[in-house]
Amino acid sequence: MRKYALYILIVGLFLCLYGALQVRPVRWDMTDDKHYSLSEASKSLLRQTDEPIEVTLLLNGDLNAGFRRLKKATEETLEEMNVFGQFTINNSQLTKDIADSLGLRPIVIHEREQNGKTAQTTVYPYAIMQYKGKRAVVTLLKNTRGLSGEENLNASIEQLEFAFMEALHLLQQTETPRVAILEGHGEPDEAHTYDLMSALSKYFQVDRGQIVESQKSKDRDEVAHRPIDIHILDGYKAILIIDPQTPFSEQERFIIDQYLMRGGAVLWAVNGVRFSEQVLQSDGFTPILPLEVGLTDMLFRYGVRVNPALVQDIQCLPIPVNVSNDPSQPNLQPMPWTYAPLLLTSQGSPVTKNMGQVMSTFVSPVDAVGGEDGIEKRVLLATSTASRVTATPGEVDLNDLNPDMNAFQYQYVPVAVSMEGVFNSAFAHRMAPEGIESDEPILKTSRKTRQIVIGSSSILLNEVQKNQALPMGYDRYSGMQFSNRDFAANALLWLTDSEGLISLREKSVALRLLNDKRAHDQRAQVQAVSTILPVAILAIIGGIVFVIRKRKYEK
């Protein structure tokens, strides 16, 4: 009886454990890269959902091995999310009419088959997420210029969790956060920041204006006496200061400083030199001088310095140059323009991970200062291994198209830096400027917040051709598109990320690929071994068992 009771107890415990696991599944991720684990930020966001989430996966059809791997990883990611949320997953074949209505562009894959023929397949690497009557399109494939197909697929798998959580975050938002582009100091107009505002409008309400705009009056003497509200920027998650050309007033500097101390985030795109592109185009050269707009001491206090210099880089954009001796028959040929470097992106930051090169022109180097201030600083953008720095005063000459290569001895010169931590106020030991309306004491240290400093505004600006704004990072001479748009959007997402979702872009998945050449050359041997070896092992084991049994029963 005891024996049967023990059996009944074991079966009962097993059934109880099975029932408990059905109610609340327990999962262990034993992979090195935690490929099947969600971050705490994702779990928290999923737990906030109070209605089912419908996901329609459009990645279907006759897929090759790479896209089958992407589809499988997508389904596994959704299954893991379903543990913490309520997901309904559908697979759907997308028609061209529906794709056009949603603005989805297909990917055409050209593959060479074993018989030598080329096969063409059209796939839609997207998923449509619906929640509470709202819909968002999730792009599954990240196609980064300069990476191989395998590397792009691996980067896409790394970004799956972020892509779905970003879409869910947007669907859950009941109020659109606001960011502001400051004006009033000769900054670029709306036409040259059109694509920046378009890229940010997916996530934010983008406003433009001057800090003291509401204080203006027809009576100029009244402006100086009318007090300025110190909290004028408090409604914004972040502010952008892009290419100011005239100095900030003491009141404006104080308001920006105290906005930062109260936890506001700032993106600074500040050129370190003053030059004229119009003079360069008309005369063929332009002098470069230091540009001082009253922000140098503030940035130095926060832990960074934009140097009054320009970087040159062998890895750069070409410009068309007339090499003909006959003015009536111009012959335009592309020549390298070292003042337009193609910047490298850091893989150690969620802002720039898995991102291609960023286009720029006339960039100033950025240095991190105050290494013991406890602020975490990361280089986001840098030059290549063959760079040089042109100090001011100096000049930029269009004839300088064949520079001495031996002069390019600098490597990885930083031109954009992110900072996170508690900052010291630039007004910590000073009186509040006259004209500030506030009875509050000056904040000497900030809450934990973030800043990004870029040594050029060109990274965030777009060209205008025939009254049409071109995309950020588009080079109209070569027709190439660079990653400026992604950089701008990720920078603002990182600055305003209170939920920690942008950190999901740091997730890494090891890229384990077959050696295609070796697999092709040794195909026959591999097939023979994989077919014969299991049979041989079973035969040997069967023979051993037969011999043992024969000896045993012969006795």
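Above this text is the structure in question.
No experiment lies behind these values; they were computed from the predicted model shown.

K.L.:
Please clarify how helix α5 (residues 149-158) should be interpreted in this entry.
P.N.:
In an α-helix, one turn spans 3.6 residues; hence positions three or four apart end up facing the same way. The buried fraction of α5 is high, at seven of ten residues. For α5, every residue scored as buried is listed here: Asn-152, Leu-153, Asn-154, Ala-155, Ser-156, Ile-157 and Glu-158.

K.L.:
Looking at this structure, I do not really get the sheet that holds strand β22 (residues 394-397). What am I missing?
P.N.:
Across a sheet, paired strands are connected by hydrogen bonds in the backbone, their directions being either parallel or antiparallel. Read across the open sheet, the three strands follow the order β12-β13-β22; overall the sheet is antiparallel. Both outer strands of the open sheet, β12 (273-274) and β22, are each paired with one neighbouring strand and no more. Relative to strand β13 (residues 285-290), β12 runs antiparallel, the two being bridged by two bridges. Looking at the pairing, Val-273 lines up with Pro-290 of β13.

K.L.:
Could you clarify how one ought to interpret the nonpolar core in this entry?
P.N.:
Side chains of nonpolar character tend, in soluble globular proteins, to be buried together. Membership of the largest hydrophobic core comes to 77 residues, with the highest contact counts inside it found for Phe-164 and Leu-267. Element by element, the count of residues in this core is highest for helix α6 (residues 160-172), at nine residues. Within the second largest apolar cluster, 37 residues are counted, among which are Val-212, Phe-254, Trp-268 and Leu-295.

K.L.:
What am I meant to see in unusual backbone geometry here?
P.N.:
It is generally the case that most residues other than glycine have a negative phi and that most peptide bonds are trans. Cis geometry marks the peptide bond from Thr-392 to Pro-393, where omega comes out at -5°. A positive phi angle, near 55°, is found at Lys-132, a position not held by glycine. Taking the relative accessible area as the measure of exposure, Lys-132 reaches 45% and is therefore partly exposed. Of note, Phe-362 is a non-glycine position whose phi angle comes to about 50°, a positive value. With respect to the helices and strands, the residue Phe-362 is situated in the loop between β18 (358-359) and β19 (366-368). Among the residues examined, Phe-362 registers a relative accessible area of 4% and is labelled buried.

K.L.:
How do you make sense of the sheet that holds strand β2 (residues 87-91) when you look at a structure like this?
P.N.:
One open sheet holds the four strands; their spatial order is β2-β1-β5-β6, and the pairing between them is mixed. Looking at strand neighbours, the two that pair on one side only are β2 and β6 (134-139), the edges of this open sheet. For this sheet, the mean inter-axis angle between neighbouring strands, taken without regard to orientation, is 20°. Strand direction decides the pairing type here: strand β5 (residues 126-131) and β6, joined by six bridges, are antiparallel. Counted as the bridge partner of Gln-130 is Arg-135 from β6. Contacting β1 (53-57) and β2, helix α3 (residues 65-82) crosses the sheet at an angle of about 160° to β2.

K.L.:
Help me out: how do you make sense of the packing of aromatic side chains in this one?
P.N.:
Note on aromatic pairs: each is described by the distance of the centres and the angle between the planes. Per the stated rule, a full pass over the model turns up eight aromatic pairs. Consider the rings of Tyr-302 and Phe-423, whose centres lie 6.2 Å apart with planes at 75°: the pair is edge-to-face. One end of the pair, Tyr-302, is in helix α11 (residues 296-302); the other, Phe-423, is in the loop between β23 (414-421) and β24 (436-437), and 121 residues separate them in sequence. Three or more aromatic residues joined by ring pairs make a cluster, and in this case those are Phe-275, Trp-337, Tyr-339 and Phe-362. The ring of Tyr-236 carries Arg-178 above its face, with NZ or CZ at 4.4 Å from the centroid. Between the NZ or CZ atom of Arg-388 and the centre of the ring of Phe-408, over which it lies, the distance is 5.8 Å.

K.L.:
Whenever I open this one, the pattern of salt bridges confuses me. Can you help?
P.N.:
Side chains that differ in sign of charge can pair as their charged atoms come close. Overall, the coordinates contain 13 salt bridges when judged by the stated rule. Linking Arg-378 and Glu-376 is a salt bridge whose minimum nitrogen-to-oxygen distance equals 3.1 Å. Note on Arg-378: relative accessible area 26%, which makes it partly exposed. The partner of Arg-476 in a salt bridge is Glu-463, and the shortest N-O contact between them spans 2.7 Å. With Arg-476 in the loop between β28 (474-475) and β29 (480-481) and Glu-463 in the loop between β25 (449-454) and β26 (464-465), this residue pair connects regions lying 13 residues apart in the sequence. Residue Arg-476 is classed as partly exposed on the basis of its relative accessible area of 34%. You can call Glu-463 partly exposed: its relative accessible area is 31%. One network of salt bridges, in which partners are shared, links Glu-250, Arg-253, Asp-297 and Arg-430.

K.L.:
Before we go on, may I ask you to explain the packing of α3 against α6 in this structure?
P.N.:
The relative placement of two packed helices comes down to the angle between their axes together with the axis-to-axis distance. Two elements in contact, α3 and α6, have axes separated by 10 Å at closest approach and are oriented at 55°. With respect to α6, the element α3 is oriented oblique. In this structure, α3 crosses over α6, and the sense of that crossing is right-handed. Along its contact with α3, which presents Leu-70, Ala-73, Thr-74, Thr-77, Leu-78 and Met-81, the element α6 presents Leu-160, Glu-161, Phe-164 and Met-165. The residue inventory of the contact of α3 with α6, partitioned by class, reads seven nonpolar, two polar and one charged.

K.L.:
It is not clear to me how the side chain of Ser-425 should be interpreted in this structure. Could you clarify?
P.N.:
Relative to the assigned elements, Ser-425 resides in the loop between β23 and β24. On the basis of relative accessible area, Ser-425 is assigned to the buried category, the value being 1%. Among the polar contacts listed, one links the side chain of Ser-425 to the side chain of Asp-257, at a separation of 2.6 Å. Every residue in contact with Ser-425, bar those within four places of it in the chain, is listed here: Asp-257, Gln-258, Met-261, Arg-301, Leu-443 and Lys-444.

K.L.:
Teacher, can you tell me more about the pairing of β25 here?
P.N.:
Look at any regular strand and the pattern is simple: side chains alternate between the two faces of the sheet. Counting buried positions over the six residues of β25 gives six, a clear majority of the element. Pairing of strand β11 (residues 265-269) with β25, which is carried by four bridges, proceeds in the parallel orientation. Bridging from a neighbouring strand, Trp-268 pairs with Val-453 of β25.

K.L.:
Got a minute to help me understand a negative patch on the surface in this structure?
P.N.:
A grouping of Asp-229, Glu-437, Asp-439 and Glu-440 is seen on the molecular surface, where their side chains present a negatively charged patch. Relative to the helices and strands, Glu-437 is located in strand β24. Judged by its relative accessible area of 46%, Glu-437 falls in the partly exposed class.

K.L.:
Teacher, can you tell me more about helix α14 (residues 523-554) here?
P.N.:
Counted at 1.5 Å a residue, the expected span for α14 with its 32 residues is 46 Å, and the 46 Å between its end C-alpha atoms agrees. Along its length, α14 shows its largest kink, about 25°, at Ile-532, and proline Pro-534 lies within four residues downstream of that point.

K.L.:
Would you explain the environment of Leu-140 in this entry?
P.N.:
Tracing the chain through its elements places Leu-140 in the loop between β6 and α5. As for Leu-140 and Gln-159, which are separated by 19 residues in sequence, their C-alpha atoms are 8.2 Å apart. If near-sequence neighbours (up to four positions away) are discounted, Leu-140 is found in contact with Leu-57, Leu-59, Leu-70, Thr-74, Pro-125, Tyr-126, Ala-127, Ser-156, Leu-160 and Phe-164.

Calculation rules
Residues numbered from 1 in each chain as written. Predicted model: local features only at pLDDT ≥ 70, side-chain atom pairs only at ≥ 80, totals over all residues. Heavy atoms only, no water. Buried < 20%, exposed > 50% of the residue type's maximum accessible area, 1.4 Å probe, protein only. Helix = DSSP H or I, 4+ residues; strand = E, 2+ residues; numbered from the N terminus. Pairing = 2+ DSSP bridges. Core = buried A, V, L, I, M, F, W, Y, C linked by side-chain atoms within 4.5 Å. Axes fitted to C-alpha atoms, helices over the stretch in contact; angles between N-to-C directions. Contact = heavy atoms within 4.5 Å. Phe/Tyr/Trp six-rings, centres within 6.5 Å; stacked < 30°, edge-to-face > 60°. Lys NZ or Arg CZ within 6 Å of the ring centre and 35° of its normal. Salt bridge = Lys/Arg side-chain N within 4 Å of Asp/Glu carboxyl O. Parallel < 35°, antiparallel > 145°, perpendicular 65-115°, else oblique. Left-handed = near helix turned anticlockwise from the far one by under 90°. Nonpolar A, V, L, I, M, F, W, Y, C, P; charged D, E, K, R; others polar. Polar contact = N/O pair within 3.5 Å; in protein donor to acceptor, adjacent residues only side chain to side chain. Patch = residues over 30% accessible without salt bridge, like charges linked within 9 Å, V, L, I, M, F, W, Y side chains within 5 Å. Areas by Shrake-Rupley, 256 points an atom, 1.4 Å probe, with all protein chains shown as cover. Lys, Arg positive; Asp, Glu negative; His and termini not counted. Charge placed at Lys NZ, Arg CZ, Asp CG, Glu CD. Expected span 1.5 Å × (residues − 1). Bend = angle between axes of the 7 residues up to and from the residue.

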